[in-house]
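# Notes for the structure review
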Amino acid sequence: MTRPLHRRLAPITLASALLATSIAPNAWAQKDDDAPVQTVEAESTSGATVTDPEARFHIMAGEMAAARNEPGLAAAEFLAALRKVDDPALAARATGLAFTAGSANLVELAAQRWLELDANNMDPREVLLAMNLQRNEVEGAYTQAKAIVEGHGGGREDGFRHVGVLMVQQPGKNDTAIAVLDRLSSEYPKESGAYYATALLALRQDRVDTAETAIRKAVELNPDSRENVLLLVGVLVRAGKLDEADRSIEALTRKHPKESADMRMAYAKLLVESQQRDRARQQVERILKADAKNKDARYALAVFQLNDNDLDGARKQFEQLSKDIDRGPDARFQLGRIAEQQKRYDDALSLYDSVGSGPQALDAAVRRAAVLTRLGRVDQARETLHRMRDQFPPLRERLLLAEGEMLLTAGRRDEALAAYNDGLRELPGNADLLYGRSLVLDQLGRSAEAEADLRGILKAKPDDARALNALGYMLSNGSKDRLPEARDLIEKAMKLEPEDPAIIDSLGWINFKLGKAETAKDLLAKAHGITPDPEIAAHLGEVLWTLGQRDQAKAVWSDALKGSPDHEVLKETIKRLSP
């Protein structure tokens, strides 16, 4: 059966709970293929009076195009005006509009004109560096990178760090970036920033050994640089040298006591992302030991407790934060989730109603509808979602998905199918709606149609890890002759999302089906360590049971039952193996 493990609204992820800090935001250099492109902030005009009639005409035409949401035309008109007037603010605005339009040619022309008019401004150089990297032009990229290093207000070291950050924001341009950095580093062999930038780029490319060598050289040249040590800590974690990483962060916090909480929180976030939850929690607890009023640390501790199914402990922490101006809405939302899990549905409704603002407000409204569904008030819940769809048209897709999931949870599968069908008539080919419909079809026993929906997603987007995993998992529970294809699909999903617990669970399960129980146990234990999901617990317990480790299996199941006593897969597994 296809399971909605990916789609389930988790209370909150640990990584998102451990807030990013203002300290060296790029120091950890986590791999991110969706890094944003360079953007440009610019004034709308310089305020200068334009007397040339041709320039005035083009500026007016550009303003009219911008008002019509035609950024490409607006940029072209402003560039035409810039042939007659020297206005750096107008050039900056033209560059920004060209970015919005997605026109590489216009971006380069505007940025070059901007640099001509304001040679000491690093912003147009950043734009031109990005453009040269995208075109794999080493000489042009080198020229701009060197100018940024030499002209940076913080000196060469900060200039190198800035260039490194800019380079990691250009995915897929590694060879060009390496060539530029190698050339610059040879010119500044005693500049620690050059090695910092090299380490940053190497870490982005998963060349951890190269990154470690470079950042150790940077620290050797400038051991007092906090940024160097922070990046070293990040590299050490990626290299699995956790004890040294701990010692380094301890030394750094002693040297910078006023910023120790922020650094520990950033370190905890990195540890969570590297699946080192216990060490991460220790860092959070160290923060609270030093400052019991630290709101971010208390919130993070509550999330740790929540993910460990310590609902009462998490509830206590969130209640302390529930009246806080900044953290209150989020804390009340999480309290609503806890009340929901504890089947205190009236309390959950009240708590969700109290989340009137902040990023959790929409989630609270959707969860409120889910609670109404659990109380049997499905029509009222649907009415709530329909009203929200009318009030917030941009959220229509999400609310359509929420309605389908809500009806499926309520066991009203035919209505859920009708809701997804309605959504797909409105948004044909929508991958999320197709995925949701596949879940319903699978539960209705219409596996061929469910498979068709998932294959439809993959036809449009072959690298959709969620659909690959769902299809592979569904096939793994079918006939034996489909197990090889199921394994191939799941392994492809694993390459795309190697730390996704649902995919790790699927890979473990398919290995179990293929007779590789020991491999399955290791994978399922890893998935269970990331998130104690009841379905993962059911699978892990079954593998342990098969291997003769029955006491361990019972312990896993018992823990899972505490948080999810009514989970169908978990109950069926226990009944089948340990009646």
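Here we summarise the structure given alongside this text.

Here is what the cut-offs are and how they apply
Residues numbered from 1 in each chain as written. Predicted model: local features only at pLDDT ≥ 70, side-chain atom pairs only at ≥ 80, totals over all residues. Heavy atoms only, no water. Helix = DSSP H or I, 4+ residues; strand = E, 2+ residues; numbered from the N terminus. Contact = heavy atoms within 4.5 Å. Areas by Shrake-Rupley, 256 points an atom, 1.4 Å probe, with all protein chains shown as cover. Lys, Arg positive; Asp, Glu negative; His and termini not counted. Charge placed at Lys NZ, Arg CZ, Asp CG, Glu CD. Axes fitted to C-alpha atoms, helices over the stretch in contact; angles between N-to-C directions. Parallel < 35°, antiparallel > 145°, perpendicular 65-115°, else oblique. Left-handed = near helix turned anticlockwise from the far one by under 90°. Nonpolar A, V, L, I, M, F, W, Y, C, P; charged D, E, K, R; others polar. Salt bridge = Lys/Arg side-chain N within 4 Å of Asp/Glu carboxyl O. Buried < 20%, exposed > 50% of the residue type's maximum accessible area, 1.4 Å probe, protein only. Core = buried A, V, L, I, M, F, W, Y, C linked by side-chain atoms within 4.5 Å. Phe/Tyr/Trp six-rings, centres within 6.5 Å; stacked < 30°, edge-to-face > 60°. Expected span 1.5 Å × (residues − 1). Arc of directions from axis to C-beta.

## A few points about the overall build of the protein chain
Looking only at helices and strands, the protein chain features 32 helices and 0 strands. Considering only C-alpha atoms, the protein chain reaches an extent of 85 × 55 × 55 Å along its principal axes. The contacts in the protein chain between residues at least 6 apart in sequence include a share of 55% that link residues at least 24 apart. Only carbon and sulfur atoms are counted for the fraction: they give 49% of the accessible area of the protein chain, which is about 26700 Å². Counting 80 positive and 90 negative side-chain charges, the protein chain places the centres of these two groups 4 Å from one another.

## Re the packing of helix α24 (residues 431–443) against helix α25 (residues 447–460)
Following both chains from N to C, one finds α24 and α25 inclined at 160°, their axes separated by 8 Å at the closest point. In terms of orientation, α24 lies roughly antiparallel with respect to α25. Crossing geometry of α24 relative to α25 is assigned as left-handed. For the pair formed by α24 and α25, the contact residues are Ala-431, Leu-434, Tyr-435, Arg-437, Ser-438, Leu-441 and Asp-442 on the first element and Ser-447, Glu-449, Ala-450, Asp-453, Leu-454 and Ile-457 on the second. Per-class residue counts for the contact of α24 with α25 are 7 nonpolar, 2 polar and 4 charged.

## What to know about the pattern of salt bridges
Summed over all chains, the structure comprises 62 salt bridges. The residue Glu-426 makes a salt bridge to Arg-396 at a minimum N-O spacing of 2.1 Å. Taken as a pair, Glu-426 in helix α23 (residues 413–426) and Arg-396 in helix α22 (residues 396–409) lie far apart in primary sequence, 30 residues in all. Its relative accessible area of 36% is what places Glu-426 among the partly exposed residues. The partner of Lys-526 in a salt bridge is Glu-499, with the nearest N and O atoms 3.9 Å apart. Pair noted here: Lys-526 is in helix α29 (residues 517–530) and Glu-499 is in the loop between α27 (483–496) and α28 (501–513), with a separation of 27 residues, a long-range link. A residue is classified by how much of its surface remains accessible, and Glu-499, at 36% relative accessible area, is partly exposed. Residues joined by salt bridges that share partners form a network here, namely Asp-379, Arg-382, Arg-389, Glu-403, Arg-412 and Glu-415.

## Topic: the nonpolar core
Ranked by internal contacts, the top residues of the largest apolar core, which has 72 residues, are Phe-318, Leu-385, Leu-454 and Leu-471. The next biggest cluster of nonpolar side chains, apart from the first, holds 61 residues, and it includes Ala-177, Leu-242, Leu-271 and Leu-301.

## Concerning the packing of aromatic side chains
Tallying each qualifying case throughout the model produces 5 aromatic pairs. Taking the centre distance of 5.6 Å and the plane angle of 80° together, the rings of Phe-160 and Tyr-188 count as edge-to-face. Of this pair, Phe-160 sits in helix α8 (residues 156–168) while Tyr-188 sits in the loop between α9 (174–187) and α10 (192–204), placing them 28 residues apart in sequence. Accessibility classification places Phe-160 together with Tyr-188 in one group, the buried group. For the ring pair Trp-509 and Phe-512, a centre distance of 5.3 Å and an interplane angle of 35° mean the geometry is tilted. Taken together, the positions of Trp-509 and Phe-512, both in helix α28 and 3 residues apart, correspond to about one turn of that helix. The class of Trp-509 is buried, set by a relative accessible area of 6%. Looking at Phe-512, the relative accessible area reads 17%, which means it is buried.

## Here's the deal with helix α15 (residues 277–290)
Note on helix geometry: an α-helix contains 3.6 residues per turn, so any two residues three or four positions apart are oriented the same way. Between the first and last C-alpha of α15 there are 20 Å, a value that for 14 residues agrees with the 20 Å anticipated at 1.5 Å per step. Those residues of α15 lying buried are Arg-277, Ala-280, Gln-283, Val-284, Ile-287 and Leu-288. In an axial view of α15, the angular spread of the buried residues amounts to 140°, which keeps them on one side of the axis. Opposite the buried face of α15, by more than 90 degrees, sit the exposed residues Asp-278, Lys-289 and Ala-290.

## What about helix α18 (residues 328–341)?
For α18, spanning 14 residues, the distance from its first C-alpha to its last is 20 Å, which sits close to the expected 20 Å at 1.5 Å a residue. Burial within α18 is extensive, with 12 of its 14 residues counted as buried. Among the residues of α18, Gly-328, Pro-329, Asp-330, Ala-331, Phe-333, Gln-334, Leu-335, Gly-336, Arg-337, Ile-338, Ala-339 and Glu-340 are the ones counted as buried. At the exit of α18 stands Lys-343, carrying a positive phi of roughly 65°.

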